[in-house]
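# Close look at the chain arrangement
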Amino acid sequence: LLAGAAFALLAAAPQLHAQAANSPAAPAPAADAASGQLEEITVTAQRREEKLQNVPISIVALSTKELTDRQINQVEDLATTIPSVHIVPQNGTPGIAQVEIRGVTGNNIDPEVDSPVAIYIDGVYIARSTGVAFDLAALERVEVLRGPQGTLFGRNAEAGAISFITKGPSGDYDGRLETTLGDYNLRRVKGVLDLPVTEQLALRFSALHTERDGYIRNTTPGIVVDLPQPFGPQTSTDTLGGDNESGAMLAARWTGDNLVIDYKFDYT
């Protein structure tokens, strides 16, 4: 197919050139359409901005469009997209994610045990697997680096690293509200608001809320278990595997003559 396409372009080139010479007013083709090049993706896998094709690492980078098209909103969703990556909730503790890259996993919730997969949000290392199964309200890009990454990401990246990059303010007025409905009574609402406060200061607010009933029927509902504080009495539900999460993010950017300051606060 590639050879046939190349031949067709070469055969048509003289005719296109002649048509342009005889018709001065003929519009020039768009650069992207004429070149046929793939979309250029910039990554920071080596702690600096580089083109994805120039990075000598086994890396998968998902852009904003790909994240939206594949409905990736949390860590667990990456397992359905990236080869050799396996992510499941820890048994009995859905907020703890068990992350595995190329068969290497910690599989341990002990706070004294480091995970072999390093997870970062905007360059900030998430030291423990507790609470890693979170939703992110404003994702710009996700980079998954497979294989040992200790040179640039430290000692806790024997299996690889997963880096989440969130969106900053655009500097323009923009607002968007998305709703999603699905099976098992899925309800998801996401809102984004961009505000240029001044010529130098811009803000971005993002919020996400997800609710979904469990997909496993509990044969012993209504059992009360008295757990120590701060948990207290817990009653078993009718279904298991449900979801009820909220996430919010505030991003601020101040731009000076020779200085740019970014501040981000996120809560799940």
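The structure contained in this document is the topic of the report that follows. Only a predicted model underlies this, so the values are computations on that prediction, with no experimental measurement involved.

From N to C terminus, the chain includes four helices and 19 strands. In the chain, buried positions account for 31% of the 268 residues. Contacts spanning at least 24 positions in sequence make up 51% of the contacts within the chain whose residues lie at least 6 apart. Split by element, the accessible area of the chain, about 17,000 Å² in all, is 56% carbon and sulfur.

We now examine the sheet that holds strand E10 (residues 160-166). Spatial strand order, E3-E9-E10-E7-E8: five strands in an open sheet with mixed pairing. On the outer flanks of this sheet lie strand E3 (59-62) and strand E8 (124-126), each paired with one strand and no other. Strand after strand, the sheet turns through a mean of 20 degrees between neighbouring axes, direction not considered. As judged from the seven bridges shared by strand E9 (residues 139-146) and E10, these two strands associate in the antiparallel manner. Among the inter-strand pairings, Arg141 is bridged to a residue of E10, identified as Ile165.

Attention shifts here to the pattern of salt bridges. A complete count under the given rule lists 10 salt bridges for this structure. For the salt bridge of Asp183 with Arg212, the shortest nitrogen-to-oxygen distance reads 2.3 Å. One end of the pair, Asp183, is in the loop between strand E11 (174-182) and strand E12 (186-196); the other, Arg212, is in strand E13 (residues 201-212), and 29 residues separate them in sequence. Relative accessible area serves as the criterion here: at 32%, Arg212 is assigned to the partly exposed category. Note that Arg187 and Glu211 form a salt bridge whose closest N and O atoms lie 3.1 Å from each other. With Arg187 in strand E12 and Glu211 in strand E13, this residue pair connects regions lying 24 residues apart in the sequence.

Moving on: empty space enclosed by the protein. For the structure on display, the rule yields one cavity of 30 Å³ or more. The calculated volume of the largest cavity comes to roughly 30 Å³. What lines the largest cavity is Asp135, Leu136, Ala137, Gly247, Ala248, Met249, Asp266, Tyr267 and Thr268. Secondary-structure elements contributing two or more residues to the lining of the largest cavity are strand E18 (243-255) and strand E19 (260-267). Per element, the largest residue contribution to the lining of the largest cavity is three residues, and it comes from E18. Partitioning the lining of the largest cavity into residue classes produces five nonpolar, two polar and two charged.

Below, the discussion takes up the layout of surface pockets. Size it by volume and the second largest pocket reaches roughly 540 Å³. Together, 27 residues line the second largest pocket, and Thr44, Glu140, Arg141, Glu143 and Ile165 are the ones closest to its centre. For the lining of the second largest pocket, the secondary structure elements donating two or more residues are helix H3 (64-69), E9, E10 and E19. Here the element with the most residues in the lining of the second largest pocket is E9; it accounts for four residues. Taken together, the residues of the lining of the second largest pocket break down into six nonpolar, eight polar and 13 charged.

Calculation rules
Per chain, residue numbering runs from 1 following the sequence as it is written. Local features in a predicted model are, by the rule used here, given only for residues with pLDDT of at least 70; side-chain atom pairs are given and counted only at 80 or more, and totals for whole chains, interfaces and linings are based on all residues. To obtain the side-chain values, all non-hydrogen atoms of the structure were used and water was disregarded. Secondary structure elements follow DSSP: runs of H or I of four or more residues count as helices, runs of E of two or more count as strands, with numbering from the N terminus. Remark: exposure states derive from per-residue accessible area (1.4 Å probe, protein chains only) relative to the maximum for the residue type, with buried under 20%, exposed over 50%, and partly exposed in between. For this analysis, residues touch if any pair of their heavy atoms sits within 4.5 Å. Each accessible area is a Shrake-Rupley estimate made with a 1.4 Å probe; only the visible protein chains count as cover when residues are assessed. Paired strands, in this sense, are two strands between which DSSP finds at least two bridges. Structural elements are reduced to axes, namely lines fitted to C-alpha atoms, with helices fitted over the stretch in contact, and the angle between N-to-C directions of any two is expressed from 0 to 180 degrees. Whenever Lys or Arg places a side-chain nitrogen within 4 Å of a carboxyl oxygen from Asp or Glu, that contact is recorded as a salt bridge. A cavity here means a set of points on a 1 Å grid, drawn over the protein atoms and nothing else, where a 1.4 Å probe fits but cannot get out; a pocket is an open set with protein on both sides within 12 Å along at least five of seven lines, and a residue lines either one if it has an atom within 4 Å of a point. Grid points are joined across faces, edges and corners, and a volume is the space filled by probe spheres set on the points. Note that Gly is not counted as nonpolar here; it falls among the polar residues with everything else outside the nonpolar set of Ala, Val, Leu, Ile, Met, Phe, Trp, Tyr, Cys and Pro and the charged set of Asp, Glu, Lys and Arg.

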